[in-house]
Structures are given as structure tokens and as C-alpha cells.
Amino acid sequence: MRNIIIAGNWKMHKTQSEALEFLQGFLHEIDETPDHREIVLCVPFTALPVLSKNLHGSRIKIGAQNIHWEDSGAYTGEISGTMLSEFGTRYTVVGHSERRQYFGETDETVNLRLKAAQQHNLMPILCVGETKEQRDAGETENIIKGQLEKDLVDVDQSRLVIAYEPIWAIGTGETCESGEANRVIGMIRSQLKNADVPIQYGGSVKPGNIDEIMAQPEIDGALVGGASLASSDFARIVNYQPF
Ligand code: PGA
């Protein structure tokens, strides 16, 4: 059976005290969450210490949003797997479209970051997805196949999570129709050597659409941006009700 992984991606949100406040609300709301659902919070680097301190013994896994491929060196503004591991970090997002779009991340650097995460026993969540223009031009499949081909060179597919995030659906309130997300995720799975890689959907996941999304047979979880910032919203998402 494939793992179900629901991950929050806080992006550049929350100070340490706001992170603590979130946890105080959220921890009470996941007592009844079925055990086989993995809950992950991918937070800014500065929130890692507060999570590390307060999630000890909890079922919530700590995640980062990026990782550099070297362990240390002259890489201003970057973070290494050694540094992340010190705080008990277990996951990291790699290749988010915002990194690709605004910070010049390429498939080559995404590949290096994926391999570094695995070397440090961090589970990478690789993000792939198409823009609106690419979708309208009928390029969705080709774009995603190209990303997978380049990103996954020499990556161990037994320690990998993929998130299908159509860029036009991120932060826009415009969710990809769940049947279509299921279709694209099935296509992604057909490209993999390991068909058991958990594949999430991401892009305007909300309390109101998570049940329908998780009812789709190919979708193994969600990567949640905006709706992971309020503890009650994210709790409703991890406590989704299967149809
Ligand atoms: P969103 O972001 O849920 O706010 O659309 C998703 C993401 O970027 O991972």
C-alpha cells in the first residue's frame, strides 16, 4: 500500500512565536487522525528550532523547503542537509515552482538537491507541474515527462515523494479538477521505475475540496500552501473524510 502524506508548505510565513501558536492549536486537532496518514510541516528555516523543541514525541514530521547539495561551503543564503538534520528534519521540498520561477532553480540543480536530501536521510518532495500557457498549448505531459527525466537521474525512487503542482493552480484558488489531477498523477506514475512512490496533488487545496481530491485512486496526499497556515484549516485537511 502506498503511504498517504499530507504536507503543509508554509513558504515565507510565520515567526517562531506564530509557529508555536499554530502548534498549540493544531496538536489538539490530530488526536483522531488515522495512523497511516503522515503529517508533515515544511517550514522556514528559522521555525525549525521551535518545531524541533515542541514536536518531540509527536507524530508530526518536520520538513524544510530547500536543501543545498554540499554539506558546507561558500554558498551564501543556502542551507545544508547537515544543518537541517540537526533539528530532526525528516522531509524537504525540492524544486518548488516558486524556486524554479523566481530563484533560477533548474532541473540540474533540482537533481543535485534531491540526491543530497537522500544522502542525509531526508525524504525529498519533488515538485513538478506545468504553467497555464503550457497546459493551453497541450504541453502538460511533455513538460512533466521532461522534468521527471532530468530531475530523477540517479535518484533512489524508494525514498522519494512527488507532488504534482500545476503552477496555474498554486495560490490562485483555481484547483485542478480532481479527475484531471488523478489522470496526470497516473501519467507521472507510469514514468517511474517504482510505482509505489507516493504522489501528492498541490495547488489551492482547501478544507472544502480535500475530500474529493483524496477520493481519487492515484492521489496519495496533498502539498498545501495557504490552507496550511491556519491550524483549523490544516487540521480539517489532514482529517479529510474519504468518500
Ligand atoms: P497553495 O500552494 O496551496 O497556496 O496553492 C501550494 C504550494 O505551492 O505548494
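In this report, we go over the structure that sits alongside the text. As the structure is a computational prediction, the values presented were derived from the model and not from experiment.

Next up on the list: the packing of helix H1 (residues 16-26) against helix H10 (residues 231-238). For the pair H1 and H10, the least separation of the axes is 9 Å and the interaxial angle reads 45 degrees. On the basis of the axis angle, H1 is oblique to H10. Viewed along their axes, H1 and H10 form a crossing whose handedness is right-handed. On H10, the residues touching Phe22, Gly25 and Phe26 of H1 are Ser231, Phe234, Ala235 and Val238.

Take the site of the ligand next. Near the ligand there are 13 residues, and of these Lys11, His96, Glu165, Gly171 and Ser204 occur at the shortest range. Within the backbone of Gly171, a nitrogen or oxygen atom sits 2.6 Å from an oxygen atom of the ligand. Gly226 is positioned such that a nitrogen or oxygen atom in its backbone is 2.9 Å from an oxygen atom of the ligand. If the ligand stood free it would expose 280 Å²; the protein chains cover 97% of that surface. Classifying every residue of the shell around the ligand gives 4 nonpolar, 7 polar and 2 charged.

To continue, consider the pairing of strand E7 (residues 199-202). Because side chains alternate across E7, one face comprises the buried residues Ile199 and Tyr201, and the other comprises Gln200 and Gly202, equally buried. Here 3 bridges tie strand E6 (residues 161-164) to E7, and the two strands are oriented parallel to one another. In the sheet register, Ile162 faces E7, and the bridge partner there is Ile199. Since E6 and E7 lie parallel, the crossover through helix H8 (residues 178-190) that links them has a hand, and here it is right-handed. Summarising the sheet, E7 and strand E8 (residues 221-224) pair through 2 bridges and their orientation is parallel. Bridge assignment links Tyr201 to a residue of E8, and that residue is Ala222.

This part covers the side chain of Ser231. One can find Ser231 in helix H10. Note on Ser231: relative accessible area 18%, which makes it buried. Not counting chain neighbours up to four residues away, the residues in contact with Ser231 comprise Phe22, Gly25, Phe26 and Glu29.

The subject of this paragraph is the pattern of salt bridges. Under the counting rule described, the total for this entry stands at 18 salt bridges. Notably, a salt bridge pairs Lys132 with Asp136, separated by 3.0 Å at the nearest N-O pair. Of the two residues, Lys132 and Asp136 both sit in helix H6 (residues 132-136), 4 residues apart, roughly one turn of that helix. Lys132 sits in the partly exposed class, given a relative accessible area of 37%. Given a relative accessible area of 56%, Asp136 falls into the exposed group.

Counting 62 residues, the largest nonpolar core has Leu51, Ile162, Ile188, Tyr201 and Phe234 as the members making the most contacts within it. With 5 residues, the single largest contributor to this core is H8. Here Ile188 is in contact with Val128, Ile144, Leu148, Ile162, Tyr164 and Ile199, once residues within four sequence places are set aside. Counting 11 residues, the second largest nonpolar core, distinct from the first, contains Ile5, Val40, Val93 and Leu223.

Taken residue by residue, a regular strand's side chains alternate between the two faces of the sheet. Most of strand E3 (residues 60-64) sits inside the fold, with 5 of its 5 residues counted as buried. Both faces of E3 are covered, namely the face carrying Ile60, Ile62 and Ala64 and the face carrying Lys61 and Gly63. When strand E2 (residues 37-42) meets E3, the two strands line up parallel, connected through 4 bridges. When the bridges of E3 are listed, Cys42 appears paired with Gly63. Pairing geometry for E3 and strand E4 (residues 89-94), over 3 bridges, is parallel. The partner of Ile62 across the bridge, within E4, is Thr89.

About the thresholds
Residues numbered from 1 in each chain as written. Predicted model: local features only at pLDDT ≥ 70, side-chain atom pairs only at ≥ 80, totals over all residues. Heavy atoms only, no water. Axes fitted to C-alpha atoms, helices over the stretch in contact; angles between N-to-C directions. Helix = DSSP H or I, 4+ residues; strand = E, 2+ residues; numbered from the N terminus. Parallel < 35°, antiparallel > 145°, perpendicular 65-115°, else oblique. Left-handed = near helix turned anticlockwise from the far one by under 90°. Contact = heavy atoms within 4.5 Å. Near = heavy atom within 4 Å. Polar contact = N/O pair within 3.5 Å; in protein donor to acceptor, adjacent residues only side chain to side chain. Areas by Shrake-Rupley, 256 points an atom, 1.4 Å probe, with all protein chains shown as cover. Nonpolar A, V, L, I, M, F, W, Y, C, P; charged D, E, K, R; others polar. Buried < 20%, exposed > 50% of the residue type's maximum accessible area, 1.4 Å probe, protein only. Pairing = 2+ DSSP bridges. Right-handed = clockwise from strand over helix to strand, strands pointing away. Salt bridge = Lys/Arg side-chain N within 4 Å of Asp/Glu carboxyl O. Core = buried A, V, L, I, M, F, W, Y, C linked by side-chain atoms within 4.5 Å.

Coordinates in, geometry out; function isn't part of it.
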